[in-house]
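# Descriptive analysis of the structure
Next come the chains, spelled out residue by residue.
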Amino acid sequence: MLSLDFLDDVRRMNKRQLYYQVLNFGMIVSSALMIWKGLMVITGSESPIVVVLSGSMEPAFHRGDLLFLTNRVEDPIRVGEIVVFRIEGREIPIVHRVLKIHEKQNGHIKFLTKGDNNAVDDRGLYKQGQHWLEKKDVVGRARGFYQENSSVEDRNYLFLILEL
C-alpha cells in the first residue's frame, strides 16, 4: 500500500532529514502562495486564473480551459467582453459575455450577460429581483486563455491577449 510505504520511508529518516523534508514542503507551499498573491496584485483580480466549468461558452471556451483574468477598476466594461462574475448566494463564479450595457445619467454602469451557447440571457441566474450586474459583481475579465483540448501542435503555446 502506498500509505504504508510512505510511513516506512518517514520512519527510516533521521531527524535532520525529516526536518529538511518538512522545511522543503513548507517552502514549496509558501512559494505557490506568494506567486498567487503576486498575481492578484498585478492583475487586480481576486482570482487571476479560473477554469471553465461548463459548456455555456462553447465554441469560444470549452470545459477545462484556463482563463487569465484582470480586473482594473478604471477600465470600462464593453459589450462583447468576457467577464467572470459572482452572484450573491453562489460560491462558483460564472464565465459569460457582456450582452448589453445600461448607463445611468450619473455614469453608473449596469450590464447584462449571456453564455454564447445559451438560448437566453442570464437574468434567470441572477439573484431574485436582480436584472443587471454591476462592477462589484465582477471577479475579472478574460485577457487570455489556454485551451486544454487543443491539438498536439498547439499544446506548447499559451494564447494570451494581455493588456496589463
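In the nomenclature of an unreviewed UniProt entry, the protein chain is known as Signal peptidase complex catalytic subunit SEC11 of Pan troglodytes. According to its UniProt record, the protein chain has this under Catalytic activity (unreviewed entry): "Cleavage of hydrophobic, N-terminal signal or leader sequences from secreted and periplasmic proteins." The Function (unreviewed entry) comment attached to the protein chain in UniProt states, word for word, "Catalytic component of the signal peptidase complex (SPC) which catalyzes the cleavage of N-terminal signal sequences from nascent proteins as they are translocated into the lumen of the endoplasmic reticulum. Specifically cleaves N-terminal signal peptides that contain a hydrophobic alpha-helix (h-region) shorter than 18-20 amino acids."

For strand E3 (residues 82-85) and strand E4 (residues 94-103), the ladder comprises four bridges, and the chain directions are antiparallel. Among the inter-strand pairings, Phe-85 is bridged to a residue of E4, identified as Ile-94. The pairing of E4 with strand E5 (residues 109-114) spans six bridges and is classified as antiparallel. Looking at E5, one finds that Val-98 is bridged to Thr-113. As consecutive antiparallel partners, E4 and E5 are separated by five residues, and within that stretch Gly-107 has a phi angle of approximately 90 degrees, a positive value.

This brings us to the pairing of E3. Every second residue of E3 is oriented toward a common face, with Ile-82 and Val-84 on one face and Val-83 and Phe-85 on the other, all of them buried. Here three bridges tie E3 to strand E7 (residues 138-146), and the two strands are oriented antiparallel to one another. Residue pairing for E7: Val-84 is matched across the bridge by Gly-140.

How each quantity is defined
Residues numbered from 1 in each chain as written. Predicted model: local features only at pLDDT ≥ 70, side-chain atom pairs only at ≥ 80, totals over all residues. Heavy atoms only, no water. UniProt positions renumbered as here; feature names shortened; annotations may be inferred. Pairing = 2+ DSSP bridges. Helix = DSSP H or I, 4+ residues; strand = E, 2+ residues; numbered from the N terminus. Buried < 20%, exposed > 50% of the residue type's maximum accessible area, 1.4 Å probe, protein only.

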